[in-house]
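The primary structure of each chain is shown beneath.
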Amino acid sequence: MASNPLLAPLFATGKEPLPPGYTEDDRAAMLQAKKTQDFMTMAMESCVAKTAIAGVGGFAIGGLFSLMSASFAYEDPLMRDRNATQKARDIFREMGKNMYSSGKGFAKVGALFAGTECVIEGYRGKNDMYNSVGAGFFAGGVLARNSGPKAVLGGGLAFAAFSAAIDLFLRREPADDE
């Protein structure tokens, strides 16, 4: 089949005329920026990056939750006899340990869920609610694995239901009258 010269583009790709005031160096810079943007998009869409981001975000959120809950803690009566400097040092040390421990737990949960959801999405080739429900069931079961088979099933179902509820809330469409 012969190609129709009338339908062929006038200029080869990347050789289109430049707008007034632009040079070939500007074209090269724009092409390089496009390549960098494409690479960053590809990297951010990888399961490894999504898992790492969820882990780091979970660590930060867990630490913040622990810090907020420490502000509600009442004073330990056993520490009343110590001087203020020693008391403050002990309180901050305990807060740091609790923040690290809570952050580590949130990081594990976030990374496990995000990584599993990404793998399921890649396998299915779709981005829908079933990915998060499946990932929630798997993550809940893994988190409850040391408590027996009933707890694995219950944890999986609970985490799947929670994932479905969050997904329904985040994916809902705005009403027509809004």
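Everything numeric here is computed off the predicted structure, so don't read it as measured data.

Criteria and thresholds
- Residues numbered from 1 in each chain as written.
- Predicted model: local features only at pLDDT ≥ 70, side-chain atom pairs only at ≥ 80, totals over all residues.
- Heavy atoms only, no water.
- pLDDT = per-residue confidence, 0-100.
- Helix = DSSP H or I, 4+ residues; strand = E, 2+ residues; numbered from the N terminus.
- Salt bridge = Lys/Arg side-chain N within 4 Å of Asp/Glu carboxyl O.
- Expected span 1.5 Å × (residues − 1).
- Buried < 20%, exposed > 50% of the residue type's maximum accessible area, 1.4 Å probe, protein only.
- Phe/Tyr/Trp six-rings, centres within 6.5 Å; stacked < 30°, edge-to-face > 60°.
- Disulfide = S-S within 2.5 Å.
- Axes fitted to C-alpha atoms, helices over the stretch in contact; angles between N-to-C directions.
- Parallel < 35°, antiparallel > 145°, perpendicular 65-115°, else oblique.
- Left-handed = near helix turned anticlockwise from the far one by under 90°.
- Contact = heavy atoms within 4.5 Å.
- Nonpolar A, V, L, I, M, F, W, Y, C, P; charged D, E, K, R; others polar.
- Patch = residues over 30% accessible without salt bridge, like charges linked within 9 Å, V, L, I, M, F, W, Y side chains within 5 Å.
- Areas by Shrake-Rupley, 256 points an atom, 1.4 Å probe, with all protein chains shown as cover.

**Things to note about the confidence of the model for the protein chain**
Mean pLDDT for the protein chain: 82, with 83% of residues reaching 70 or above. Within the protein chain, the lowest mean pLDDT, 79, falls on helix α1 (residues 24-44), and the highest, 92, falls on helix α4 (residues 129-143).

**Re the pattern of salt bridges**
Pairing between side chains of opposite charge can happen when the charged atoms of each approach one another. Taken as a whole, this structure holds 2 salt bridges when the rule is applied. Note that D90 is salt-bridged to R93, the shortest N-O span being 3.5 Å. Taken together, the residues span about one helical turn, with D90 and R93 both in helix α3 (residues 84-124) at a distance of 3 residues. A salt bridge links D128 to R124, with the shortest nitrogen-to-oxygen separation between them at 2.6 Å.

**With respect to helix α5 (residues 149-171)**
Taking 1.5 Å as the rise per residue, α5 with 23 residues should run 33 Å; its terminal C-alpha atoms sit 32 Å apart, in good agreement. Within α5 the residues assigned to the buried category are G155, G156, F159, A160, S163, A164 and D167.

**As for the packing of aromatic side chains**
Enumeration over the complete set of coordinates arrives at 3 aromatic pairs. On the basis of an interplanar angle of 75° and a centroid distance of 5.6 Å, the ring pair of F65 and F106 is categorised as edge-to-face. One end of the pair, F65, is in helix α2 (residues 47-71); the other, F106, is in helix α3, and 41 residues separate them in sequence. Judged by relative accessible area, which is 36%, F106 ranks as partly exposed. Taken together, a centroid distance of 5.8 Å and an interplanar angle of 15° make the contact between F113 and F159 stacked.

**Brief notes about the state of the cysteines**
Under the counting rule described, the total for this entry stands at 1 disulfide. Bridging C47 to C118, the disulfide has an S-S length of 2.1 Å. For the disulfide bridge between C47 and C118, the dihedral angle about the S-S bond is near -85°, and by the sign convention the bridge is left-handed. Here C47 is found in helix α2, whereas its partner C118 is found in helix α3, with 71 residues between them in sequence. Assessed through its relative accessible area of 7%, C118 is described here as buried.

**Things to note about the packing of α4 against α5**
Where α4 meets α5, the closest approach of the two axes is 7 Å, and the angle between their N-to-C directions is 150°. Considering their axes alone, α4 and α5 lie roughly antiparallel with respect to each other. Where α4 crosses over α5, the handedness of that crossing is right-handed. Contact residues: M129, S132, V133, G136, F137, A139, G140, G141 and L143 in α4; V152, L153, G155, G156, L157, F159, A160, S163, A164, D167, L168 and R171 in α5. Of the residues that constitute the contact of α4 with α5, the class distribution is 12 nonpolar, 7 polar and 2 charged.

**Section: a nonpolar patch on the surface**
A contiguous nonpolar surface patch, about 380 Å² in accessible area, is contributed by I61, F65, M68 and F106. Sorting elements by how many residues they give to the nonpolar patch places α2 first, with 3 residues. Taking relative accessible area as the criterion, F65 reaches 43% and is therefore assigned partly exposed.

**Focus on the side chain of T116**
Locating T116 in the fold gives a position in helix α3. Classification of T116 as buried rests on a relative accessible area of 13%. Not counting residues up to four positions away in its chain, the partners in contact with T116 are A135 and F138.

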